[in-house]
Amino acid sequence: MSTKGQGRRGSEARGEAVVRKVLAAALSEAGRAGYHGLRIEEVAARAGVNKTTVYRRWPTKQALLREALLSITSEVFTSPRTGSLRADLLAYVRRNAALAARPEYRGLFRLFVAEGEDAELLAIVRALREAFEPVPRAVLTAARARGEIGAGADPALLFEVLGAALNWWLFFEQTPVDEAFLRRLVDLMVSHMSQRAAESAEVTVEMLLATLDCGRATLYRYIDRGLLPPPLESRRGRPARWSPEALARARKIRKLLAQGFTLAAIEQRLAEG
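Residues numbered from 1 in each chain as written. Predicted model: local features only at pLDDT ≥ 70, side-chain atom pairs only at ≥ 80, totals over all residues. Heavy atoms only, no water.

A. Examining helix α7 (residues 119–132) more closely. Between the first and last C-alpha of α7 there are 20 Å, a value that for 14 residues agrees with the 20 Å anticipated at 1.5 Å per step. Looking only at α7, the buried set comprises L121, I124, A127, L128 and F132. Mapping the buried residues of α7 onto a view down its axis gives an arc of 135 degrees, with all of them on the same face. Those residues of α7 that are exposed and aimed more than 90 degrees away from the buried face are A119, R129 and E130. (Helix = DSSP H or I, 4+ residues; strand = E, 2+ residues; numbered from the N terminus. Expected span 1.5 Å × (residues − 1). Buried < 20%, exposed > 50% of the residue type's maximum accessible area, 1.4 Å probe, protein only. Arc of directions from axis to C-beta.)

Here you go:
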């Protein structure tokens, strides 16, 4: 490795460290002083850098705060890929609850509540929404493909309601949320989506048998163990039907069996969500 190459990489690492310090300082200052009270000089002093270093990369405080906010929410902008709508939503609300527990995030929330009508802040909110938009789209597209969302549902509203409920309890009620609360919240949303899905697309026994590649005796053994839900209630003389959730579970069971999991281990994994 050349000395020149080592020097370039060392310079890049130092530059990244400076960026992280400035963004962290910007979040702290914004939470303390508010948007209108945010001063580049104060941010530079807190970060231990010259103010020209800040201005060179972020010529306005709007640009600085926008990047700072994106830096702490980037983990939320990653789409969960768990294989089920419920587990995806649980991952989403867990991330948000963990983020909301951080002091700088709570300070920023108060900032947006107090100064939310400011035109520059509104532009930052729009930028955050654009960055976040692919997450619900990916989650909902996958859920619809698995048959977990019915045609009559409004899944885009789901994320708005989840976010509003979390923000209300965390910031207005100032009540810590635990795992049980998050599960109840998600189950409330998913039950509505599942009901709509059941109304629009029911699953036949043939579909389950084909997905699991098993016989009827094995299928009903899975139901008896609680690995699969029982069939939906149906009118006399009508063949048994299952909800799309059963089909999603069947796919997951088939995948876990192929990986060598025992039924007991599969039962435990499904129970954990």
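B. Just a nonpolar patch on the surface, in detail. On the surface, V113, W168, W169 and F172 cluster together into a nonpolar patch covering about 430 Å² of accessible area. Note on placement: V113 falls in helix α6 (residues 103–115). (Patch = residues over 30% accessible without salt bridge, like charges linked within 9 Å, V, L, I, M, F, W, Y side chains within 5 Å. Areas by Shrake-Rupley, 256 points an atom, 1.4 Å probe, with all protein chains shown as cover. Salt bridge = Lys/Arg side-chain N within 4 Å of Asp/Glu carboxyl O.)

C. Here's a closer look at the environment of R94. With respect to the helices and strands, the residue R94 is situated in helix α5 (residues 85–100). With relative accessibility at 34%, the residue R94 sits in the partly exposed group. Sequence-wise, R94 and R183 are 89 residues apart; in three dimensions their C-alpha atoms are separated by 9.6 Å. The residues touching R94, leaving out its near neighbours within four places in the chain, are E179, L182 and R183. (Contact = heavy atoms within 4.5 Å.)

D. Region of interest: the packing of helix α11 (residues 205–212) against helix α12 (residues 216–224). Running from N to C, α11 and α12 point in directions that differ by 95 degrees, and their axes come no closer than 10 Å. Taken together, the axes of α11 and α12 lie roughly perpendicular to each other. Counting all contacts with α11, which are made through V205, E206, L208, L209 and L212, the residues of α12 involved are R216, L219 and Y222. The class makeup of the residues in the contact of α11 with α12 is six nonpolar, no polar and two charged. (Axes fitted to C-alpha atoms, helices over the stretch in contact; angles between N-to-C directions. Parallel < 35°, antiparallel > 145°, perpendicular 65-115°, else oblique. Nonpolar A, V, L, I, M, F, W, Y, C, P; charged D, E, K, R; others polar.)

E. Expanded view of the side chain of T204. Inspection of the secondary structure puts T204 in strand β1 (residues 203–204). Residue classification places T204 among the buried residues on the basis of a relative accessible area of 18%. Setting aside residues no more than four positions away along its own chain, T204 makes contact with A240, R241 and W242.

F. Spotlight on unusual backbone geometry. With a phi angle near 55 degrees, D213 is a residue other than glycine that sits in the positive phi range. The topology assignment puts D213 in the loop between α11 and α12.

G. Representation of the pattern of salt bridges in the model. This structure, assessed with the given rule, holds eight salt bridges. We note a salt bridge from E29 to R46, for which the minimum N-O separation is 2.9 Å. You can see E29 sitting in helix α1 (residues 3–33) and its partner R46 sitting in helix α2 (residues 40–47), a full 17 residues away along the chain. Classification of R46 as partly exposed rests on a relative accessible area of 46%. Residues joined in a network through salt bridges with shared partners are E29, R32 and R46.

Everything listed here is a matter of coordinates, which is why it stays silent on function.
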